[in-house]
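Listed below are the residues making up each chain.
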Amino acid sequence: VLAAIAAAVLLAAPIGLGLGQVQSLNRLFSPLIGLVHPIPKIVFLPVVLVLFGSGDRAKILLIALVLFFQILIVVRDEAAGLRPELIHSVRSLGAGRRALFRFVYIPASIPAILTALRISVGTAIAVLFIAETYATRSGLGYYIVVRTWQALRYPEMYAGVVAMSLLGMGFYLVIDQLERHLCPYLFLE
């Protein structure tokens, strides 16, 4: 899940920032995003398994694919919705596109990226569960369905469900702490 989150953020955030900054690119790619985003990415599980086999690479790719679009859309909309006076004030100081990107768009988008991650954690854990149920012979999903539920070992199954819940909650709390560290201005009273 960590590898998938990192891959999704590293790909989706810059693309989202670029689309939010350059309206002509946004107009060009918005129909494609609108077409692909609503597709439940879990339907690509068989395709991913055929192309990448069963294992960690397949799980990482599938989870990253789900998170990619959620992060892309939130960051694009955040970058496009920045107040024009912020951009004009930085430009009036002589800033070019790179400086705008570094000092305006990225700092303004960090809270949006973290919000998208916070919302996506549950989805990432659900995709992990499904991928591990079908795509591997290890992991919590495999343990919950194959090792315990199918073997009628219900106490162990509930323990697996609790472990998966704790995994999701742990990611949520880490993202909360990351937000407090990266965006302390959001918590000033």
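Residues numbered from 1 in each chain as written. Predicted model: local features only at pLDDT ≥ 70, side-chain atom pairs only at ≥ 80, totals over all residues. Heavy atoms only, no water.

Engineer: Quick question: what am I supposed to make of the side chain of arginine 118 here?
Structural biologist: Mapped onto the fold, arginine 118 is located in helix α6 (residues 97–135). Residue classification places arginine 118 among the buried positions, given a relative accessible area of 16%. Discounting chain neighbours no more than four positions away, the residues touching arginine 118 are Tyr172, Ile175, Asp176 and Glu179. (Helix = DSSP H or I, 4+ residues; strand = E, 2+ residues; numbered from the N terminus. Buried < 20%, exposed > 50% of the residue type's maximum accessible area, 1.4 Å probe, protein only. Contact = heavy atoms within 4.5 Å.)

Engineer: Which parts of the structure should I look at to understand the side chain of threonine 148?
Structural biologist: Mapped onto the secondary structure, threonine 148 falls in helix α7 (residues 140–149). Within the structure, the side chain of threonine 148 is placed 3.0 Å from the backbone oxygen of tyrosine 143, a separation counted as a polar contact. If sequence neighbours within four positions are ignored, threonine 148 has contacts with Tyr143, Arg153, Glu156 and Met157. (Polar contact = N/O pair within 3.5 Å; in protein donor to acceptor, adjacent residues only side chain to side chain.)

Engineer: It is not clear to me how the nonpolar core should be interpreted in this structure. Could you clarify?
Structural biologist: Residues Ile63, Leu67, Ile71, Leu72, Tyr105 and Leu117 are the most contacted members of the largest nonpolar core, which totals 47 residues. Sorting the residues of this core by element identifies α1 (2–21), α3 (45–52), α4 (56–80), α5 (84–92), α6 and α8 (154–182) as the ones contributing at least two each. For leucine 72, the residues in contact, after removing those within four places along its chain, are Ala12, Ile15, Gly16, Leu19 and Ile33. (Core = buried A, V, L, I, M, F, W, Y, C linked by side-chain atoms within 4.5 Å.)

Engineer: For this particular structure, what's the right way to read the packing of aromatic side chains?
Structural biologist: Think of a pair of aromatic rings as described by two things: how far the centres are apart, and how the planes are tilted against each other in angle. Evaluation of the coordinates by the stated rule reveals one aromatic pair. Measuring from ring centre to ring centre gives 5.1 Å for phenylalanine 68 and phenylalanine 69, while their planes differ by 90°; the resulting arrangement is edge-to-face. Lying over the aromatic face of tyrosine 172, arginine 118 brings its terminal NZ or CZ to 5.8 Å of the ring centre. When the ring centre of phenylalanine 187 is taken as origin, the NZ or CZ atom of arginine 180, which lies over that ring, is 4.3 Å away. (Phe/Tyr/Trp six-rings, centres within 6.5 Å; stacked < 30°, edge-to-face > 60°. Lys NZ or Arg CZ within 6 Å of the ring centre and 35° of its normal.)

Engineer: Got a minute to help me understand the packing of α3 against α4 in this structure?
Structural biologist: How two helices pack is summed up by the angle between their axes together with the distance between the axes. With their axes 9 Å apart at the nearest point, α3 and α4 run at an angle of 140° to one another. Classed by the angle they form, the pair α3 and α4 counts as oblique. As for how α3 packs across α4, the hand of that crossing is right-handed. Residues Leu45, Val48, Leu49 and Phe52 of α3 form the contact with α4, whose participating residues are Arg57, Ala58, Leu61 and Leu62. (Axes fitted to C-alpha atoms, helices over the stretch in contact; angles between N-to-C directions. Parallel < 35°, antiparallel > 145°, perpendicular 65-115°, else oblique. Left-handed = near helix turned anticlockwise from the far one by under 90°.)

Engineer: Sorry if this is basic, but what is going on with helix α2 (residues 23–36) here?
Structural biologist: Along an α-helix, a turn takes 3.6 residues, which lines up residues three or four apart on a common side. In this model, α2 (14 residues) spans 20 Å end to end at C-alpha, consistent with the 20 Å of a helix rising 1.5 Å per residue. If you look at α2, its biggest bend is around 40°, right at phenylalanine 29, and the proline proline 31 turns up within four residues after that. (Expected span 1.5 Å × (residues − 1). Bend = angle between axes of the 7 residues up to and from the residue.)

Engineer: Can you help me understand the pattern of salt bridges in this one?
Structural biologist: Here the idea is simple: oppositely charged side chains can pair when their charged atoms come close. For the structure shown, the criterion picks out six salt bridges. Between lysine 59 and aspartate 56 there is a salt bridge; the shortest N-O distance is 3.4 Å. Here lysine 59 pairs with aspartate 56, and both are found in helix α4, just three residues apart, close to one helical turn. In this structure lysine 59 comes out as buried when scored by relative accessible area, which is 8%. (Salt bridge = Lys/Arg side-chain N within 4 Å of Asp/Glu carboxyl O.)

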